[in-house]
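Here is how the chains run, residue by residue.
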Amino acid sequence: MSTHDRLLIIDFGSQVTQLIARRLRELNVYCEIHPYQNVDDAFLAAFQPRAIIFSGGPDSVTRAGSPRPPASAFTLGVPILGICYGQQVMMQELGGLVETGHGTAEFGRAKVTPSGSPLPLLEGWFTDGPEQVWMSHGDHVSRIAPGFEVYGTSPGAPFAITADVARNFFAVQFHPEVHHTPRGADLYKNFVKLAGFTGDWSMASYREEAITKIRAQVGDKKVICGLSGGVDSSVAAVLIHEAIGDQLTCVFVDHGLLRLNEAEQVVKMFRDNYNIPLIHADESDLFLGELEGVSDPETKRKIIGRLFIDVFQKYAGEIEGAEYLAQGTLYPDVIESVSFSGGPSVTIKSHHNVGGLPEKMGLKLVEPLRELFKDEVRTLGRELGLPDHFIGRHPFPGPGLAIRCPGEITREKLDILRKADAVYIDQIRKHGLYDEIWQAFAAILPMRTVGVMGDGRTYDYALALRAVTSVDGMTADYYPFSHDFLGETATRIINEVRGINRVFYDCTSKPPGTIELE
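For clarity, every value in this text was computed on a predicted model and none was experimentally measured.

Analysis parameters
- Residues numbered from 1 in each chain as written.
- Predicted model: local features only at pLDDT ≥ 70, side-chain atom pairs only at ≥ 80, totals over all residues.
- Heavy atoms only, no water.
- Helix = DSSP H or I, 4+ residues; strand = E, 2+ residues; numbered from the N terminus.
- Rg over C-alpha atoms; globule rule 2.2 N^0.38 Å.
- Areas by Shrake-Rupley, 256 points an atom, 1.4 Å probe, with all protein chains shown as cover.
- Lys, Arg positive; Asp, Glu negative; His and termini not counted.
- Charge placed at Lys NZ, Arg CZ, Asp CG, Glu CD.
- 1 Å grid on protein atoms, 1.4 Å probe; cavity = no way out; pocket = protein on both sides within 12 Å on 5 of 7 lines; lining within 4 Å.
- Points joined across faces, edges and corners; volume = space filled by probe spheres on them.
- Nonpolar A, V, L, I, M, F, W, Y, C, P; charged D, E, K, R; others polar.
- Pairing = 2+ DSSP bridges.
- Axes fitted to C-alpha atoms, helices over the stretch in contact; angles between N-to-C directions.
- Contact = heavy atoms within 4.5 Å.
- Core = buried A, V, L, I, M, F, W, Y, C linked by side-chain atoms within 4.5 Å.
- Buried < 20%, exposed > 50% of the residue type's maximum accessible area, 1.4 Å probe, protein only.
- Salt bridge = Lys/Arg side-chain N within 4 Å of Asp/Glu carboxyl O.
- Phe/Tyr/Trp six-rings, centres within 6.5 Å; stacked < 30°, edge-to-face > 60°.
- Polar contact = N/O pair within 3.5 Å; in protein donor to acceptor, adjacent residues only side chain to side chain.

**Observations concerning the overall build of the protein chain**
Line of reasoning, step 1. A tally of helices and strands in the protein chain yields 15 helices and 20 strands.
Line of reasoning, step 2. Against the compact-globule benchmark of 24 Å for 518 residues, the protein chain has a radius of gyration of 26 Å, which places it among compact chains.
Line of reasoning, step 3. If you line up the protein chain on its principal axes, its C-alpha atoms span 75 × 65 × 40 Å.
Line of reasoning, step 4. With the model as given, the accessible surface of the protein chain reaches about 22300 Å², and the carbon-plus-sulfur share is 51%.
Line of reasoning, step 5. Charge centroids of the protein chain, computed over 49 positive and 66 negative side chains, lie 2 Å from each other.

In structure tokens:
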């Protein structure tokens, strides 16, 4: 557990609870998300939060058996902020009243008007009149709890902002964590200031603490790391190497589904720049052979995942005395593994990782990034000296180009795709757009189309271009390239890449689509 002052987020099932944590981390405040079922009196006593936030949630506090925080949360003497369902549960538990209906539901943008005296939580708010916020509630507070006063109202929420200043209890009906509440970050900034946080959570301090923990955990034993070439596993490898040096060996499994020249770049960076022991397992023939004739996307993923484990295990077995497996597990993975409901969810697509390895190989896990979000991993990578052009790379899926090649995979299609994708990314960089985009890639479609080049007829593949903006990959909007950019890019691809005669741009958002095609 972190030695920093801690803020506890009690999760009641909101889809945007992770955004609360991200906003707080941006303020250099260490926080953790825990589902309400796991938070009891003993947990609170051990965690010792400096402040607590109650998240939103889909349930109704009017329903018998609906989620509640432990009563002791209100007697710890620490500031509490309730958001949406969190506001309602505070009112209900502290003597107020919540009701359903009566035409007061609000979904989407709303305007909040100030009411009453100035409130420190709202410093910087209402300077230009009513504030825009994002509402998402069916129930409403009809009577506030004793000790609370009203500081803001909206058309559907007469108690949109309430507070018991004496106890430092604050409650808002809207969601300050989403970008549709433009000054929501100021509200969080004011809250952590009221709670006395000093903002001592930084990647410089995390680096030193993580190195100490790794050394204490591993001792003089050996560690193997499954290196994908992506940001997460690379940062984990460099951090662990800084802690234990040559006790670490990385295994880079080259499945033949990487981007143009990617394998060479990864090997060069780790061997030449960091002098990290690295096994380059070129097993492209094995993977492409097993994938031959396979077109179902889930079957592709399962084949790649199974082979990855088999290959990794084969090469890792050559490292005598290895007792630990290093993984680039991030905090969102940890949160999702102890989800609010604990129930089953629909599998949109299986994810490729090395999760089956520890049990199969009898290894203990080293996960030095498990407290970090993706943006924090990038910051840590820069702190460790990884080059910006590498740290800032767009996410790349574990199955690689296999899921950007819908239908059957062939070496010919992969070669065409690599070249086309390289031209596309070069165009994005040339126009200075790369850092504005969360993820961009080309996908070769399982279709051929008729074209005319010179005086001749062509019958070649069609290519789809994809680019999205996103905060965390959970939702995404397509990037609004200009028609001039798209026309120029399509012309370059068709002129420079033999085998493509038609280019499409995918303008589907997520949802309803996914970011990748498969």
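There is more to say after this.
**Comments concerning the layout of surface pockets**
Line of reasoning, step 1. What the second largest pocket holds in volume is close to 560 Å³.
Line of reasoning, step 2. Along the wall of the second largest pocket there are 23 residues; nearest its centre are R259, L260, Q265, R393 and R429.
Line of reasoning, step 3. Taken together, the residues that form the lining of the second largest pocket break down as ten nonpolar, four polar and nine charged.

**With respect to the sheet that holds strand β16 (residues 364-366)**
Line of reasoning, step 1. Spatially, five strands are ordered β14-β13-β12-β15-β16 in an open sheet, and the strand pairing comes out parallel. At either end of the open sheet lies a strand with only one pairing partner, and these are β14 (278-282) and β16. Between one strand axis and the next, the sheet turns by 30° as a mean value, whatever way the strands run.
Line of reasoning, step 2. Relative to strand β13 (residues 248-254), strand β12 (residues 222-227) runs parallel, the two being bridged by five bridges. If you follow I224 over to β13, its bridge partner there is T249.
Line of reasoning, step 3. The strands touched by helix α6 (residues 231-244) are β12, β13, β15 (322-326) and β16; relative to β12, the strand with the most contacts, the crossing angle is about 160°.

**Digging into the nonpolar core**
Line of reasoning, step 1. One finds Y424, I428, L463, F481 and I493 to be the most contacted residues of the largest nonpolar core, which totals 50 residues.
Line of reasoning, step 2. Looking at this core, the elements with two or more residues in it are β13, β14, α8 (284-291), α9 (297-316), α14 (411-430), β17 (439-453), β18 (456-469) and α15 (483-496).
Line of reasoning, step 3. Excluding anything up to four places from it in sequence, I493 contacts A420, V423, Y424, L463, L465, I500 and V503.
Line of reasoning, step 4. Counting 44 residues, the second-largest nonpolar core is a separate cluster that includes V235, A237, F252 and Y274.

**Observations regarding the pattern of salt bridges**
Between side chains of opposite charge, a pair can form when the charged atoms approach closely.
Line of reasoning, step 1. What the rule picks out here adds up to 29 salt bridges.
Line of reasoning, step 2. In this structure, R492 and D426 form a salt bridge, with 2.8 Å as the shortest nitrogen-oxygen distance. You can see R492 sitting in helix α15 and its partner D426 sitting in helix α14, a full 66 residues away along the chain.
Line of reasoning, step 3. One salt bridge in this structure joins E496 and R492, with 2.8 Å as the shortest N-O distance. Taken together, the residues E496 and R492, both in helix α15 and four residues apart, mark about one turn of the helix.
Line of reasoning, step 4. When its relative accessible area of 47% is taken as the criterion, E496 is described as partly exposed.
Line of reasoning, step 5. Several salt bridges converge on common partners, so that one network encompasses D128, E131 and R183.

**A closer look at unusual backbone geometry**
Line of reasoning, step 1. A cis amide bond links K510 to the next residue, P511, at an omega of -15°.
Line of reasoning, step 2. Within the secondary structure layout, P511 lies in the segment after β20 (500-505).
Line of reasoning, step 3. For the peptide bond that leads from P511 to P512, omega is 15°, which places it in the cis range.
Line of reasoning, step 4. In this fold, P512 is placed in the segment after β20.
Line of reasoning, step 5. The backbone phi angle of Q48 is positive, close to 50°, even though this residue is not glycine.
Line of reasoning, step 6. Mapping Q48 onto the fold places it in the loop between α2 (41-47) and β3 (51-54).
Line of reasoning, step 7. The backbone of N261 sits at a positive phi, close to 65°, despite the residue not being glycine.
Line of reasoning, step 8. Locating N261 in the fold gives a position in the loop between β13 and α7 (262-273).

**Observations regarding the packing of aromatic side chains**
Line of reasoning, step 1. Taken as a whole, this structure holds 18 aromatic pairs when the rule is applied.
Line of reasoning, step 2. Seen in terms of ring centroids, F74 and F169 are 6.0 Å apart; in terms of plane orientation they differ by 70°. Their pairing is edge-to-face. With F74 in the loop between β3 and β4 (80-83) and F169 in strand β11 (residues 169-172), this pair connects stretches of sequence that are 95 residues apart.
Line of reasoning, step 3. A residue is classified by how much of its surface remains accessible, and F74, at 11% relative accessible area, is buried.

**Let's talk about the side chain of R259**
Line of reasoning, step 1. Mapped onto the elements of the fold, R259 is located in the loop between β13 and α7.
Line of reasoning, step 2. Polar contacts involving the side chain of R259 include one to the side chain of E262, which spans 2.8 Å.
Line of reasoning, step 3. The residues contacting R259, other than those within four sequence positions of it, are R393, H394, F396, L401, R418 and D421.

**Section: the environment of H179**
Line of reasoning, step 1. Following the sequence through the fold, H179 ends up in the loop between β11 and α4 (184-194).
Line of reasoning, step 2. Sequence separation of H179 and W134 is 45 residues, and the distance between their C-alpha atoms is 8.5 Å.

**With respect to the environment of F252**
Line of reasoning, step 1. With respect to the helices, strands and loops of the structure, F252 is situated in strand β13.
Line of reasoning, step 2. A relative accessible area of 1% places F252 in the buried class.
Line of reasoning, step 3. In this structure the C-alpha to C-alpha distance between F252 and H180, which are 72 residues apart in sequence, comes to 42 Å.
Line of reasoning, step 4. Other than its neighbours up to four places away in sequence, F252 contacts L227, S228, G229, L258, A263, V266, V267, L278, I279, H280 and A281.

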